[in-house]
Structure formats: structure tokens, C-alpha cells
Amino acid sequence: MNRIRSLVGVLVAGTCLAAALPAVALAAPTAPYTVLTVDLAEGPSGPITESTVYDGSTETMDAATGAGDQFRITAIRSDRYVRVDAAPPAGQTWHAGQTYPTVRGGRDATQALFDMSSTAGGCARANGSITVSDVAHDVSGALTAFGASYEFHCDGDVVAITGEIRWNSSVDYVAAVTAPAGLNFGTVDVADRVSRTVRVRAVGSVPSTFGAAVVAGTGAGRFEVTEDTCSGRTLAVGAECAVTVRSRATSPGQWRAVLHLPDNSVAGRRAVPLHVSAVRSVVGTYYPMATPTRIMDTRTGNGGVKGKIGAGRKIDLKVAGRDGLPWTGIGAAVLNVTVSGPTANSFVTVYPGGEALPTASTINFAKGWLGSNHATVKLGAGGDVSVYNRNGETDVVIDVIGFYAGDESVMAARGMGAQVQWYEPFRVMDTRTRGVIPAGGEFNAWIDFPRYNPKVKGLILNVTAVSPQKAGFLTVWSGEGPRPNTSTVNYAAGKVVPNLTYVKTMPCPSGSCNGATGAARYRLYTSATTHIVVDLVGVVDDGTEVDGMRFTPMSPTRIVDSRIGQGLPTALGPNATGKVTAPSVMVTDATQMLAMNVTAVAPTANTVVTVWPADTGRPKPTASNLNPAPGQVVSNGVLGVLGPQDAFHVSNLSGSTHLVADVVGTFQVYAGTAAGTRRATAKPTVTGSGWTPSTR
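Residues numbered from 1 in each chain as written. Predicted model: local features only at pLDDT ≥ 70, side-chain atom pairs only at ≥ 80, totals over all residues. Heavy atoms only, no water.

**Q** Provide a residue-level description of the sheet that holds strand S27 (residues 363–365), including the pertinent values.
**A** Strand order in the open sheet formed by 4 strands is S24-S29-S26-S27, with antiparallel pairing between adjacent strands. Every interior strand has two partners, whereas the edge strands, strand S24 (313–318) and S27, have only one. Across the sheet, the mean angle from the axis of one strand to that of its neighbour is 20°, orientation sign disregarded. Note: S24 against strand S29 (residues 384–389), 6 bridges, orientation antiparallel. Pairing of Ile 315 across the sheet is with Val 387, part of S29. (Pairing = 2+ DSSP bridges. Helix = DSSP H or I, 4+ residues; strand = E, 2+ residues; numbered from the N terminus. Axes fitted to C-alpha atoms, helices over the stretch in contact; angles between N-to-C directions.)

See the structure below:
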């Protein structure tokens, strides 16, 4: 073969990893041209891995001719090459203006040879066509110039590789390069919208003219063009434009599509492959413990501290990694905090380890009091919480019920977590209608949601002990295994003591729960004879239910203290209702609920405190959040559902009481499962509930 070489300049190419277009001369190339353009259309095909233009600006362009108009052009880089071999049908020569069907091997009198290969190899079989635009021979009949366009199907690919070939040819060509050659959005939460931009530069011998960019392919609906500065433009050689694409995958999966930018090249368009790996994030989802677990008890030394916590003293408690909890990935822990045998009126604050003591309380109590409170606490950087006691000395017991994911590391070991659905307080159990539960009573209870039952993984309940005959405690758990050594509600004789709790559930087996097969079942135990009242305030779903909420923890922040006119101007009198608006820095349009600790301070009479969303027209629920006695300082965890103006109502039934509210986090609708308008989606209906007779 006769061999001709040219060696010039810098490579003009954009790879799928390139962040910027390569440097090229702004002036148009001058004839005669030696160039090979490659357009992969939908993506890599056989041995070819990128759409690009080889014009000698950064590679060696090696051309060779042989007998019978055989032609080879090779673009050689330091680490790889791309080669095209072509020959007319057997016994013929090339003729300008003619299109020839092609095969990779075995050409005959009707088919030309065309084969594309690279350092990575070649195709086992291939077909296509080549259209010759320029051909010249010297007096001996040797090929001296060649120009053509081609389409090449490698190993049966439906979509062809297309491009142009020029060797010593003065025929103009249209070419453009993109950077990057493909847009890989990486792993993206279905709730997020991530944008990527591809830049396009004209690098042919004549300007490139572009139409409007569109997304095509099976995954086209998972992407959208948000900006297109190429549409309708004719770019001079060296000029640039850009197209920005945004991912909008709303369901998990590997989604692929192609950005098509019509142009006046032989291919008729630039094609940029798009790929996104869409996942549902687990951040903010809830993971219940199979059974509540005790991680601190100063009476026994569990947790590393034995003996009462003194006045003004703070201790640090490791939560992450304890008793089945993961070492990393916990954003907040859901706890039940109990005080026992305090020597003075005081309060205990549980807050993120490593942070300054906040102006907030977790549980308030009187001297000698025994009681507990639900607390959701953000973990410090080391996976710790701090426990502070204000006055006197007191024993503190902490049980962990579950946790909220703080990052994606939880997914690998535990899978998708749960989302929260709030409910208008709905009474599902009141033993006063059927008889007191005796001391040592242990029994199953259930709530039936029919079609929704398979999605229910847990319940959020306000559990109240009513007039127990002596001091004791209630324990609520899933019923998996024996009763845990933990408590949910700690009560004194004759009191009305509520506490918020999360409980993992199990489906009712066939033939149980009065025929409500599949209903959400849980188990209760009381150490002393008492009535029990249970109100449903939320459901923990399987992470897929429409408008499920996720939790964002925060350091305890006080938003209400009527003693100083914060949030509420003054104490609430009898049958009085106040309205509290959440601080704007705490909420977004997706925020539906505040996780709070609400405290009644020294009411003048036995009373009931109730919290519900404002500006909705809903009447006050019949359920209560707090049931304080005169002179008490009593706290309870409250899920404060917000109305459309980001506010909630709080009412006092009798006498007068000051109120304090500390926010420990917010719940917001997860965009990945959102549907409908804010706070408007109907909740699955409760069609029944019940409990079995107590067993000792």
C-alpha cells in the first residue's frame, strides 16, 4: 500500500468524563482536509466508545491506499487508535456521488468493504453504507483524494455509527463536538432534581446550524431540557452553545435516554447519552427496634453511670452502636426518658452530645415523682446524647424505641426505612368501656386499616394510664418475643398519665383479632391495675405510601413560653385556645408537623391540654396531649400538625396554665412519594380496633 502521513496539533474530542471542551483553533480548517468524524448516536457501539472528531489537531492521522482503490485511515493517539478500512465492490473503483451498501468482509461485485476497529478490537459482523463525495486518482490510477460519509451497524446494532471521512479532500464537512460526550447524573434521590450541562462546539470546515434539543428514548420522561442556547443558531467554526438537562426520575431505577440536538451534519443531529441511577433516599426515614431496649439506668450502672445525677451535672451517653443500633447513619434516636426518686423539683434535658446546653427541657418533675416522657433527640457527631439534671439528684432511665436515618449508610444493612403519616387523634382503645386491666395484665390490641394494612409497619400512639390503683408502669411493644425490660408510661396511683410512643406492629394472624386478619397488632402490659386509653396519632408506613413524611432533627429550640410572652402572650385560661405560628426558619412548603416537647407549668386546676392544626376549620379533638394536676409541671411529646399557615392551636380546659413548647425536629413530605396538595391527602380509613381480654 502507498502510505501518506500527517502529524499536527491537539486532539479535538469530548469524553464522558470531560468537564470542558478541548482547545481548538477558532479559525476554520483549510482545504485539503484529512479528518474522520465518528457519531455513536445512542452510546458506545462495539469497539468505539466516544463520539468525536479526529482532524490531526492532537493525533497522528495515518492514511494508506492500495490496489483496487483500497483505503485506510487511522487516528492514532498515544494510548489508542481508531481505524477505518474501505474498498469499493470487487473489480470496481470509487465514483463520486454513488452510495454503496457495505459489509465487513466477503465483499462482492455489489457490496463495498467498510470496517471500523480500534485498540479495543472490531466487530464480528457489520453492515451499512458509504456515500462517496470526492475521489481522485493520479495518472497511474492510484487513489490521491477521498471523501465520503458512512453509516455502520456493528454486530446487528439497530442504531448506526455515522460520520465523515476526508483525505486530501476539498469537500467541506459539518462537525461538532460535545463536552462531555455523555451526561451521567450519577446516583440521585428521586426527590431531587439534578442538572447537567453539555457544551457544543462547531469544529467542521463550515458552520453548524442547530434545531431545538429534545430528549428521546425509553427513559425520556426521566429527563427534561431546561435551557437550550443552541436552538435556532448557526455557529461559526470554533463558536459554542450549551444545553442543560435536568433529571426528574420519580421512581427508582436505572434510566437512560438520549439528548438529540438536530443539526446540518450528515447524521442530522448531535446525540448525547443520558443516564441517571434514581434511588429513594433513606434519610429521615424511621427504623423501629424489634423491641424497645434499655440503654441507660443510673440505678444499675447501665450506660456507664451508676448513681443519681446531681444538680447541674451533665453526663454523656453513647447511643450509636448500642444494643443493635448501627454505629453510623443515625440522625436522631427515639427515646423514652424516665426519672425516678428525684430529691427536688427539677427538669432533665436530653440533647445532642457535644452541643451547648439548650434552653429547653425533656422531662419536668416534682420531688419524689416517678414519670416518663417520649423524646426524639438528635445525635451528636460522636453518636452521643448529653443528659443534664437541673436541681437536686435523680435517677434517669432511658429506653430506645427506634431511630431516624441521618445518611444513606443505613440502607445497606437495613433496607428502606419507614415514613410517617399523621392522623387526627383517633381513639382506638378505652378500657373504661369494658373493665379495668388487672395488675400483670398482658394482652394484644389491634387497629384495622383494610387495604392499607400491608403498608403499616408501626403506630404512633398516645397511651394513657387512667386512675391506676398504685404506682407502676405500662409497656407497649410489638409482641415479638417476650416482654422487654422497658417502660412506656410510668404512673403514680390515682393519676391520669399520658405518654407518646412509637410501637412496631405485627400483622394479625388468620383467625385472630376478631377476624381482622392482617390488621396492625401490638401488645401491652401493666404492672398495676389500671384503665388504659390509647389514641392513634400517626402511622409508620413501609416507605412508599403517598405523602409520607420524613424527619429532620434539630437541636432543641424553644418556640413557646407563655411566662415571658414567647409564642403565646400569656397563660391560657379556662376553655381558652391559643394559636402558635412556627418560626419561618423552621419550615418549608413541605413541612407538615413539628416534633415537640410541650410542658404545662403549674396549672391552677385539673385540666386537659390539646394541640391540633390551625386554620383548617377542624374542631378541637376529643383526645388530649397533657392531663396535668394543679401545681404540676408536666411534659409530653407532641406531634404538632401544622395548618396551611404553618400554625397550630393549643387549648386549656380548666383553670389557668402556662405552656412551654420546645421543637426537636420537623416532619416534611418526601417529594419522592408526594402526591396531591399540601396537607390535603386523605389518610387511609380506620375501620376497626380492639383488644383481647387480659392474661396474667
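Anyway, onward from the coordinates.
**Q** Account for the nonpolar core, naming residues and giving values.
**A** Soluble globular proteins tend to bury their nonpolar side chains together. By size, the foremost hydrophobic cluster in this structure holds 32 residues, and its most contacted members are Leu 335, Val 387, Val 396 and Ile 398. Looking at this core, the elements with two or more residues in it are strand S23 (286–297), S24, strand S25 (330–340), strand S26 (346–352), S27, strand S28 (371–378), S29 and strand S30 (395–405). Ignoring sequence-local partners within four residues, the contact set of Ile 398 consists of Thr 293, Arg 294, Ile 295, Met 296, Leu 317, Leu 335, Asn 336, Val 337 and Val 387. The next biggest cluster of nonpolar side chains, apart from the first, holds 31 residues, and it includes Leu 36, Tyr 54, Leu 143 and Ile 161. (Core = buried A, V, L, I, M, F, W, Y, C linked by side-chain atoms within 4.5 Å. Buried < 20%, exposed > 50% of the residue type's maximum accessible area, 1.4 Å probe, protein only. Contact = heavy atoms within 4.5 Å.)

**Q** Can you tell me about the sheet that holds S28, naming the residues and giving the values?
**A** Strand order across the open sheet formed by 4 strands is S23-S30-S25-S28, with antiparallel pairing between neighbours. This sheet does not close on itself; its edge strands, each paired only once, are S23 and S28. Each adjacent strand pair in this sheet contributes to an overall mean axis angle of 20°, direction not counted. Relative to S30, S25 runs antiparallel, the two sharing 10 bridges. Residue pairing for S30: Leu 335 is matched across the bridge by Val 400.

**Q** How would you summarise the state of the cysteines if you had to cite specific residues and measurements?
**A** Within the structure shown, the criterion is met by 3 disulfides. Through a disulfide, Cys 123 is tied to Cys 154; the S-S separation comes to 1.9 Å. Its S-S torsion of approximately -115° makes the covalent link between Cys 123 and Cys 154 left-handed. Of this pair, Cys 123 sits in the loop between strand S9 (112–118) and strand S10 (126–137) while Cys 154 sits in strand S11 (residues 143–154), and the two are 31 residues apart along the sequence. Given the relative accessible area of 2%, Cys 123 is considered buried. Judged by relative accessible area, Cys 154 falls into the buried class, the value being 1%. Here Cys 508 is linked by a disulfide to Cys 513, with a sulfur-sulfur distance of 2.0 Å. Looking along the S-S bond of the Cys 508-Cys 513 disulfide, the torsion reads about -80°, which is the left-handed sense. Both residues of the pair, Cys 508 and Cys 513, belong to the buried class. With cysteine numbering restricted to those in disulfides and following the sequence, the chain has the pairing 1-2, 3-4, 5-6. (Disulfide = S-S within 2.5 Å.)

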